[in-house]
Structure formats: structure tokens, C-alpha cells
Amino acid sequence: FFAKLWNLHGILLARECHPDGILYSSRETHYSVFKAARYYRMDAKAIPTLPMGEIDYDALASEIAKNRDRPVIINVNIGTTVKGAVDNLDRILRILKTLGIPRERYHIHCDGALFAMMMPFVDWAPEVSFKKPIDSIAVSGHKMLGCPMPCGIALSRKEHVKKVEQRIDYLNSVDTTIMGSRNGQAALYLWYSLRKKGVAGIKRDVVHCMETAQYLRDKITEAGLTCRLNDLSSTVVLERPMDDKFIKRWQLACEEDIAHVVVMPNVTRFKIDKFVEELVECRDTFGRMKPVRKDSPLVKLESSAWGGSKVAPVADFSEGKF
């Protein structure tokens with residue numbers, strides 16, 4: 001929840017910097033970003049996505065080019081909610097440069113709820129930092145760091161924060177947030193988790209999550225089911241099981257005809273083996289999900305754009321029938 005509150009904060013700063021700007025974000029963005037646009041009465045564009053969940057860069061460039069007279073506000077996803085897709089920040093910056101959008105005419109917020117805390121510890125991951133022309137980033141504290149209550153952190157450039165700060169005399173303090181008062185215990189838990197784990201401990205957790213997610217993908221694929229995993233993600237996406245009891249038992253988050261499993265540090269290979277065993281039993285008993293429409297999430301899950309191997313859905317391929 002709180003990382004999403006910081007999305008509202010990041011978009012508010014963008015609106016204050018560019019009151020007549022247009023917000024661009026992918027259709028697979030967390031709903032809190034478009035909620036912010038609605039709250040702040042901003043113009044917003046939902047950009048189509050590539051099959052693996054990244055923003056469609058050509059579509060983004062086309063929309064920005066159509067509105068060159070308006071400042072550009074972009075939400076960059078560092079791990080989408082369902083597919084764990086990471087938008088390519090460098091490619092987005094290249095689009096802005098190619099279109100001749102000067103730095104003072106664009107604002108970039110990064111929604112990094114889960115994966116922004118993991119990304120610095122993935123050896124092959126690109127850098128997302130304030131060394132690049134981004135303006136704010138939101139990160140959850142209750143996900144990767146395991147804080148027992150919902151909490152999050154927002155990092156923003158100081159010059160932007162000054163646009164919303166207000167001196168509160170009776171608090172002898174300056175308020176710069178939407179909520180005002182915040183949970184001090186959450187900050188203590190964050191400090192404790194960081195001190196306890198340390199850089200090496202967080203690195204171990206991230207490596208565990210990434211390797212275990214790959215193990216889950218491979219086991220589901222070996223079982224003959226359609227399954228995908230983005231390169232920069234610990235979120236395994238699979239065809240939706242047909243049994244609602246199975247979905248509830250394993251608390252699977254579903255979107256139409258797909259489901260996902262977010263692999264966190266507490267997930268073991270033993271638990272995965274049990275999950276896959278029951279998943280296979282579910283398939284054998286209830287059958288397999290078929291796409292609900294021609295452009296459904298399951299159809300995109302089967303796209304070759306993901307790369308790697310995949311298992312095709314049940315179909316009759318005899319005598320050239322495709």
C-alpha cells in the first residue's frame with residue numbers, strides 16, 4: 001500500500017513541476033498511477049505493452065511526438081504487478097533525446113515497489129539511479145526487506161520536494177508528504193532489517209529469489225504447462241489453473257486467463273515441488289485454461305517475444321490444422 005502512496009506522491013511532484021504535462025505509462029502499470037492522474041485531474045495516456053509486459057517503446061515515442069507542445073511525465077515500471085516486467089529506462093531516455101525533448105520539459109517517476117530493491121544486486125541489471133535524469137522513485141519496505149507492516153520509501157530530487165513543502169509551526173517541522181504523520185515504527189523496522197541483513201544478506205536473498213524463480217519456471221514447463229519468466233524478475237507467470245480451490249489454497253493472483261507466483265526469500269524448492277505436484281493434479285482433473293479472447297494475457301504469454309522455450313496450448317496440429 002505505502003509504496004503505492006509514494007506513487008501518488010511522485011506523480012504529485014511531477015504535476016507541480018509540469019501543471020500542463022501529460023502522464024505516459026504502460027497499460028500494465030499499477031492502478032495507483034492512473035488513480036493519481038484522476039485525483040490530480042491530469043491528462044494521461046495508457047501506452048500499449050509488449051507481450052512480456054514492457055511498455056511499447058514505439059507507441060510511446062509516437063504519442064510523445066503527437067504532443068510535443070506539452071511537457072512529458074513518464075512513469076517507468078521497475079517490475080510490473082502481474083508480469084514483473086522492467087521498462088528499459090535507457091531506451092526511454094533515448095526516445096526523449098531523439099525527439100528533442102529538453103531536460104526541463106520532462107519528468108520521470110520510477111515505480112520500483114518490489115524489484116527496485118532487488119535490481120542493484122542483480123549482476124546483469126542496468127543501473128537505475130539519480131545519476132541519470134530521473135526525478136523520483138518509490139520502493140516498498142514490506143516486500144523484499146520483509147517489514148511486518150506495509151511501508152515504503154520515496155526518493156525525490158530536493159528541488160521538486162520544495163514545491164510542496166509547508167512549514168508547520170506547532171510541529172516545529174516541515175511537511176513534505178501527502179499523509180503528514182507517518183509510522184515511525186516502520187522506519188525502525190526498515191533500519192533493523194537493513195542492519196541485520198546487510199548488503200551481503202540482501203544479495204543472498206536476491207540470488208535465492210532469482211534462482212528459485214528459474215527453478216519454478218523450469219518445473220512448470222517440464223510438466224507441460226505454459227509458463228514464462230522475465231529476465232529481470234522473480235515473478236513467474238503461468239496459465240490460470242481451472243480449479244478455484246487450488247487458486248485459493250495457494251493464494252494465486254490471477255488476471256483473466258493467467259496467474260502469477262512471486263518468488264520471495266521464504267519460498268523453497270521443496271515448496272515449489274509440492275506446488276507443481278498439485279498443479280499437475282489440477283490439470284489432470286480439471287483440464288487446461290484456453291484463451292478467453294484472441295488478444296488475452298494467455299495469448300501474449302505464448303508469444304515468442306519472451307524468448308526461450310514454451311509449451312503450446314492444447315490443440316489439434318494433425319493434417320496441418322493450426
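Throughout what follows, the structure given in this document is the object of discussion. (Residues numbered from 1 in each chain as written. Predicted model: local features only at pLDDT ≥ 70, side-chain atom pairs only at ≥ 80, totals over all residues. Heavy atoms only, no water.)

## Description of the overall build of the protein chain
Link 1 in the chain: The number of helices and strands found in the protein chain is 9 helices and 12 strands.
Link 2 in the chain: Computed over its C-alpha atoms, the radius of gyration of the protein chain comes to 21 Å, within 12% of the 20 Å expected for a compact globule of 322 residues.
Link 3 in the chain: Within the protein chain, the fraction of its 322 residues that count as buried is 49%.
Link 4 in the chain: Once local pairs closer than 6 in sequence are excluded, the contacts in the protein chain between residues at least 24 apart make up 69%.
Link 5 in the chain: Of note, the protein chain has its 48 positive side-chain charges centred 4 Å away from the centre of its 40 negative side-chain charges. (Helix = DSSP H or I, 4+ residues; strand = E, 2+ residues; numbered from the N terminus. Rg over C-alpha atoms; globule rule 2.2 N^0.38 Å. Buried < 20%, exposed > 50% of the residue type's maximum accessible area, 1.4 Å probe, protein only. Contact = heavy atoms within 4.5 Å. Lys, Arg positive; Asp, Glu negative; His and termini not counted. Charge placed at Lys NZ, Arg CZ, Asp CG, Glu CD.)

## Describing the packing of aromatic side chains
Link 1 in the chain: Tallied over the full model, the rule gives 2 aromatic pairs.
Link 2 in the chain: Ring geometry for Phe246 against Phe275: centres 5.6 Å apart, planes inclined by 35°, an arrangement best described as tilted. Of this pair, Phe246 sits in helix α7 (residues 244-249) while Phe275 sits in helix α8 (residues 269-286), placing them 29 residues apart in sequence. Each of the two residues, Phe246 as well as Phe275, counts as buried.
Link 3 in the chain: Ring geometry for Trp250 against Phe275: centres 5.1 Å apart, planes inclined by 80°, an arrangement best described as edge-to-face. Residue Trp250 is found in the loop between α7 and β11 (253-255), and its partner Phe275 is found in helix α8; the two are separated by 25 residues along the sequence.
Link 4 in the chain: Given the relative accessible area of 21%, Trp250 is considered partly exposed.
Link 5 in the chain: By relative accessible area, which is 5% here, Phe275 ends up buried.
Link 6 in the chain: Above the plane of the ring of Tyr215 lies Arg269, whose end atom (NZ or CZ) is 4.4 Å from the centre. (Phe/Tyr/Trp six-rings, centres within 6.5 Å; stacked < 30°, edge-to-face > 60°. Lys NZ or Arg CZ within 6 Å of the ring centre and 35° of its normal.)

## Thoughts on unusual backbone geometry
Negative phi characterises most residues that are not glycine, and trans characterises most peptide bonds.
Link 1 in the chain: Phi angles above zero are rare outside glycine, and Gln251 is one such case at about 50°.
Link 2 in the chain: Relative to the elements of secondary structure, Gln251 occurs in the loop between α7 and β11.
Link 3 in the chain: Taking the relative accessible area as the measure of exposure, Gln251 reaches 71% and is therefore exposed.
Link 4 in the chain: In this structure, Glu256 takes a positive phi of about 55° despite not being glycine.
Link 5 in the chain: Relative to the helices and strands, Glu256 resides in the loop between β11 and β12 (258-262).
Link 6 in the chain: Judged by relative accessible area, which is 38%, Glu256 ranks as partly exposed.

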